[in-house]
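Given next are the chains, with one letter for each unit.
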Amino acid sequence: MSEQPLNPSPAGTPDDAAAGTAPAAPGPSAPGPTGSTAADALPLPAEPASDAAPDALSDEDAAARRAASFERARRLRQEPRFPGGPAADPAGSHHERRIRSFQPRRSRVTTGQQESLERLWPQWGLDIDGKRVLDLAELFGGLPVVLEIGFGMGEATAQMAADDPGTGILAVDVHTPGQGNLLGLAEKAGSTNVRVANGDAVILLREMLAPESLDGLRVYFPDPWPKARHHKRRLIQPDFLDLVAPVLKPGAIVHCATDWEPYAEQMLEVLTAHPRFENTAADGGYAPRPAFRPLTRFEGQGLDKGHVVHDLLFARV
């Protein structure tokens, strides 16, 4: 999931499996992320004639405007936002219906992020479409690969990639500005060991990764979905771990971090109960923050406010 502020709202991003998504986009002829799209050109109903029945035409006008608005939203979800960049809905909204741990959101993409997406996506980006199994050895030049679900704006991911060039990071998210930002940061640092995946991490795990192909999984500050009725949307659940275990190599580490105490307790309970994972902490509890996980800006702000961040490191058995 995307990294969240340390005091997240119930509708924060996510995870997400990372991933979850995705922002939509104008086609090649559209002016850009802040301009109108082809969907915006849909005709609106004509103004009612002065001699017509006002009430009847008013109802028809309202219904037609609602239909046009719905169609515009549908087109925005489906059209690519940047030519050659991440797809708006890579697996297709028809792919399946299920509860997701992330909530796609549109937000402003800066000029630099747009430039990075259009220039670097063909080389370092991929869409999670569920149509093929990835060859991670080819994708990362034989490096061991760690999957990161939800990277926010990518600062921590870029730093970890720069600090450990011998490990490939497959970073999944659905937040377009973050995708562009991570690509730009990686290029600036000279890191070639990052690949950015756009879409739903569950589809990636279930359909696009070979058995025992990953050397680790990182889920840092996923959306905690704090309201009780939203707990079913949390990423770390038994069913999710059932998908994760087969694609991890024996001994691979699942590393989770959260500042949301009830979610940390759930993570610990779920991971401890799963037969394919073993706690690396000798006391069976939380682990100290490993040196390789950077202290992010959001985490620092939370620590200043007295928040407690919990790390969990479990090995696949």
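A brief report on the enclosed structure follows. (Residues numbered from 1 in each chain as written. Predicted model: local features only at pLDDT ≥ 70, side-chain atom pairs only at ≥ 80, totals over all residues. Heavy atoms only, no water.)

**Considerations on the overall build of the chain**
Working step 1: Of regular secondary structure, the chain possesses nine helices and eight strands.
Working step 2: In the chain, buried positions account for 50% of the 317 residues.
Working step 3: Total accessible area computed for the chain in this model is approximately 14300 Å², and 54% of it derives from carbon and sulfur atoms. (Helix = DSSP H or I, 4+ residues; strand = E, 2+ residues; numbered from the N terminus. Buried < 20%, exposed > 50% of the residue type's maximum accessible area, 1.4 Å probe, protein only. Areas by Shrake-Rupley, 256 points an atom, 1.4 Å probe, with all protein chains shown as cover.)

**Let's talk about the packing of aromatic side chains**
Working step 1: Within the structure shown, the criterion is met by zero aromatic pairs.
Working step 2: If you follow Arg195 out to its NZ or CZ, it ends over the ring of Phe140, 5.2 Å from the centre.
Working step 3: One cation-aromatic arrangement involves Arg233 over Trp225; the distance from NZ or CZ to the ring centre is 5.5 Å. (Phe/Tyr/Trp six-rings, centres within 6.5 Å; stacked < 30°, edge-to-face > 60°. Lys NZ or Arg CZ within 6 Å of the ring centre and 35° of its normal.)

**Details of the environment of Gly166**
Working step 1: Position of Gly166 among the secondary structure elements: in the loop between helix H4 (155-163) and strand E3 (168-173).
Working step 2: The spatial distance from the C-alpha of Gly166 to the C-alpha of Leu143 is 6.3 Å, given a sequence separation of 23 residues.

**Regarding helix H8 (residues 261-273)**
Working step 1: Spanning 13 residues, H8 covers 18 Å between terminal C-alpha atoms, matching the ideal 18 Å at 1.5 Å per step.
Working step 2: Every buried residue of H8 is accounted for by Tyr263, Ala264, Gln266, Met267, Leu268, Val270 and Leu271.
Working step 3: The secondary structure elements touched by the buried residues of H8 are helix H7 (238-247), strand E6 (248-258), strand E7 (277-279) and strand E8 (310-316). (Expected span 1.5 Å × (residues − 1). Contact = heavy atoms within 4.5 Å.)

**Notes on the environment of Arg195**
Working step 1: Looking at the element boundaries, Arg195 is found in strand E4 (residues 194-198).
Working step 2: For Arg195, a relative accessible area of 11% corresponds to the buried category.
Working step 3: Through-space distance from the C-alpha of Arg195 to that of Leu126 is 7.6 Å; in sequence the pair is 69 residues apart.
Working step 4: If near-sequence neighbours (up to four positions away) are discounted, Arg195 is found in contact with Trp124, Leu139, Phe140, Ile169, Leu170 and Ala171.
Working step 5: A polar atom in the side chain of Arg195 sits 2.9 Å from the backbone oxygen of Thr192. (Polar contact = N/O pair within 3.5 Å; in protein donor to acceptor, adjacent residues only side chain to side chain.)

**Concerning helix H2 (residues 111-124)**
Working step 1: Between its first and last C-alpha, H2 extends 19 Å over 14 residues, near the 20 Å set by a 1.5 Å rise per residue.
Working step 2: At Glu118, H2 is bent by approximately 35°, the largest bend along its length, and proline Pro122 sits one to four residues beyond.
Working step 3: When H2 is considered as a whole, its buried residues turn out to be Gln113, Gln114, Ser116, Leu117, Leu120, Trp121 and Trp124.
Working step 4: Here the buried face of H2 lies against strand E1 (125-127), helix H5 (176-189) and E4. (Bend = angle between axes of the 7 residues up to and from the residue.)

**So, the pattern of salt bridges**
Working step 1: Applying the stated criterion across every chain yields a total of nine salt bridges.
Working step 2: Here Lys249 and Asp215 are joined by a salt bridge, their closest N and O atoms 3.2 Å apart. With Lys249 in strand E6 and Asp215 in strand E5 (residues 214-220), this residue pair connects regions lying 34 residues apart in the sequence.
Working step 3: Its relative accessible area of 28% is what places Asp215 among the partly exposed residues.
Working step 4: Each of Glu115, Arg119 and Glu187 takes part in a single network of salt bridges with overlapping partners. (Salt bridge = Lys/Arg side-chain N within 4 Å of Asp/Glu carboxyl O.)

Shape descriptors only; they carry no functional weight alone.
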